[in-house]
Amino acid sequence: KFARTHTLSGHDGFPFSLCVPLRPYSAVVLSQKPIALVSFVVDAEMLERELGDYLAISGSEEALGEWNSSKAVPLYPQSEGSKVFRSVAISMPADVSITYKPILCHGGHTKKWSEGENLLWNTVCGPQSVYCEWLQE
């Protein structure tokens, strides 16, 4: 059962809510800007990888490395032996258009980009999953 919710007014005139108690390992984010929590899911059925290769997402937002592969977001297999990879949830501004693309990396450097045009996603407030496929000819 949650404790009473209090509405407080900040010095800048924006109200915010405070609710207690928090569950273990909880995080409190105080923000006046809407936030999107984005997880990327890539189906890499067609991709052949070598030892030391890993998949990542690179893109236009700072959280995606601004097209710099050394700052790209790594992807992890959904299960052992799976060809479907997922990122952790990434905090980004809500209500913005981002461009992104999966990349194959080795040692922090881009080995190969997925074929085709850059992909587009419009973020919304709250958690969301973005699905794409690894494309190659």
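Provided above is the structure to which this section pertains.
My aim in this report is to walk through the structure given alongside it, one point at a time. All chains use their own residue numbering, which begins from 1 and follows the written sequence. Thresholds applied to this predicted model are a pLDDT of at least 70 for local features of residues and 80 or more for the giving and counting of side-chain atom pairs; totals over whole chains, interfaces and linings are not thresholded and use all residues. Excluding hydrogens and water, the side-chain figures rest on all heavy atoms present in the structure.

**Remarks on the overall build of the protein chain**
Going by this rule: Secondary structure elements are taken from DSSP: a helix is a run of H or I of four residues or more, a strand is a run of E of two residues or more, and numbering for both begins at the N terminus. For each residue, the accessible area found with a 1.4 Å probe, counting protein chains only, is set against the maximum for its type, and the residue is called buried under 20%, exposed over 50%, and partly exposed in between. Here, residues are in contact when the closest pair of their heavy atoms is within 4.5 Å. Areas reported here follow the Shrake-Rupley algorithm with a probe of radius 1.4 Å; residue values treat only the protein chains shown as occluding.
Within the protein chain, the secondary structure is distributed over zero helices and twelve strands. Helices and strands in the protein chain line up, N terminus first, as β-β-β-β-β-β-β-β-β-β-β-β. Within the span of the protein chain, comprising 137 residues, buried residues form 31% of the whole. Restricting to contacts in the protein chain with at least 6 residues of sequence separation, those with at least 24 account for 59%. Summing over all exposed atoms, the protein chain offers an accessible surface of approximately 9,400 Å²; the carbon and sulfur share of this is 55%.

**Regarding the side chain of D53**
Rule in force here: Any N or O atom pair separated by 3.5 Å or less is treated as a polar contact, with the protein-specific requirement of one donor-capable and one acceptor-capable atom, and with residues adjacent in sequence counted only for side-chain atom pairs.
Mapped onto the elements, D53 comes out in strand β4 (residues 53-59). Classification of D53 as buried rests on a relative accessible area of 8%. In terms of polar contacts, D53 uses its side chain to reach the backbone amide nitrogen of E50, at 2.8 Å. The residues contacting D53, other than those within four sequence positions of it, are L104, C105, H106 and K111.

**Comments concerning the environment of P77**
With respect to the helices, strands and loops of the structure, P77 is situated in strand β6 (residues 76-77). On the accessibility criterion, P77 (45% relative accessible area) is partly exposed.

**Here we look at the environment of V41**
In this fold, V41 is placed in strand β3 (residues 35-43). Taking C-alpha positions, V41 is 9.0 Å from Q78, a pair spaced 37 residues apart along the chain. Dropping the residues within four chain positions of it, V41 is found in contact with V84, F85, R86, V130, Y131 and C132.

**Here we look at the nonpolar core**
Stated precisely, the cut-off is as follows: We define the nonpolar core as a collection of buried residues of types Ala, Val, Leu, Ile, Met, Phe, Trp, Tyr and Cys that are connected through side-chain atoms lying within 4.5 Å of one another.
Of all hydrophobic cores here, the largest spans 21 residues; its most connected members are F40, L55 and L64. Contributions of two or more residues to this core are made by β3, β4, β8 (90-93), β9 (97-106) and β12 (126-133). Here the element with the most residues in this core is β3; it accounts for four residues. Aside from chain neighbours lying at most four places away, what touches L64 is F40, I57, S58, G59, K71, A72, V73, I90, M92, I98, T99 and Y100.

**What to know about the packing of aromatic side chains**
Counted only if it meets this: Only Phe, Tyr and Trp rings are paired, with Trp represented by its six-membered ring, and only when their centres lie within 6.5 Å; those with planes under 30 degrees apart are stacked, over 60 edge-to-face, the remainder tilted.
Applying the stated criterion across every chain yields a total of two aromatic pairs. Relative to Y100, the ring of F40 has its centre 5.1 Å away and its plane inclined at 55°; by these criteria the two rings are tilted. Of the two residues, F40 is situated in strand β3 and Y100 in strand β9; the sequence distance between them amounts to 60 residues. Assessed through its relative accessible area of 1%, F40 is described here as buried. A relative accessible area of 3% places Y100 in the buried class.

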